[in-house]
Amino acid sequence: MSLTQKPIEELKFSDLRVHYGTGRSIHVSGTGRDKKFRYRHGAMTDLGDLEISEWNSLINDLIGITANRKFSSSSGNGAKRSAPGFTVRARLRNMR
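### Concerning the overall build of the protein chain
The secondary structure content of the protein chain amounts to three helices and three strands. Reading the secondary structure of the protein chain in the N-to-C direction produces β-β-β-α-α-α. For the protein chain, the share of sequence-separated contacts (at least 6 apart) that also reach a separation of at least 24 residues comes to 50%.

Here is the structure:
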């Protein structure tokens, strides 16, 4: 399967959950005793059998998109105000 039929914006983490690993021997060249093979590693997901490199690419893209959504949907007070340690730093500053 070459990248998914689903747009990346519609993907969910559950779509990329690995059910089990897959593998396949692939004939590269040659005949008889001179045959050359390579092994394809993959993962079975709800989207189908994905090659590991393809799965890695999709999961990294999905993490980036999800992080951007959460960052942009946070309060419009700027990045520093939505940073995880901001409230702790503000409280410490107020205690002085």
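After that view of the structure, there is still more to cover.
### As for the sheet that holds strand 3 (residues 48-51)
Pairing in this open sheet of three strands is antiparallel, and the strands run 1-2-3 from one edge to the other. Here the strands that pair on one side only, and so sit at the sheet edges, are strand 1 (20-29) and strand 3. Averaged over all neighbouring strand pairs, the angle between strand axes comes to 40°, with direction disregarded. By the bridge criterion, four bridges tie strand 2 (residues 36-45) to strand 3 in an arrangement that is antiparallel. When the bridges of strand 3 are listed, M44 appears paired with D49. Relative to strand 3, helix 1 (residues 52-73) is tilted by about 95°, and along the sheet it contacts strand 2 and strand 3.

### With respect to the pairing of strand 1
Direction of pairing for strand 1 relative to strand 2: antiparallel, over a ladder of nine bridges. Note on strand 2: the bridge partner recorded for S29 is K36. From the end of strand 1 to the start of strand 2, which pair antiparallel, there are six residues, and G30 there has a positive phi angle of about 85°.

### A short note on the side chain of T45
In this fold, T45 is placed in strand 2. Look at T45 and you get buried, because its relative accessible area is 5%. If sequence neighbours within four positions are ignored, T45 has contacts with D15, L16, R17, V18, H19, L50 and W55.

Scoring rules and cut-offs
- Residues numbered from 1 in each chain as written.
- Predicted model: local features only at pLDDT ≥ 70, side-chain atom pairs only at ≥ 80, totals over all residues.
- Heavy atoms only, no water.
- Helix = DSSP H or I, 4+ residues; strand = E, 2+ residues; numbered from the N terminus.
- Contact = heavy atoms within 4.5 Å.
- Pairing = 2+ DSSP bridges.
- Axes fitted to C-alpha atoms, helices over the stretch in contact; angles between N-to-C directions.
- Buried < 20%, exposed > 50% of the residue type's maximum accessible area, 1.4 Å probe, protein only.

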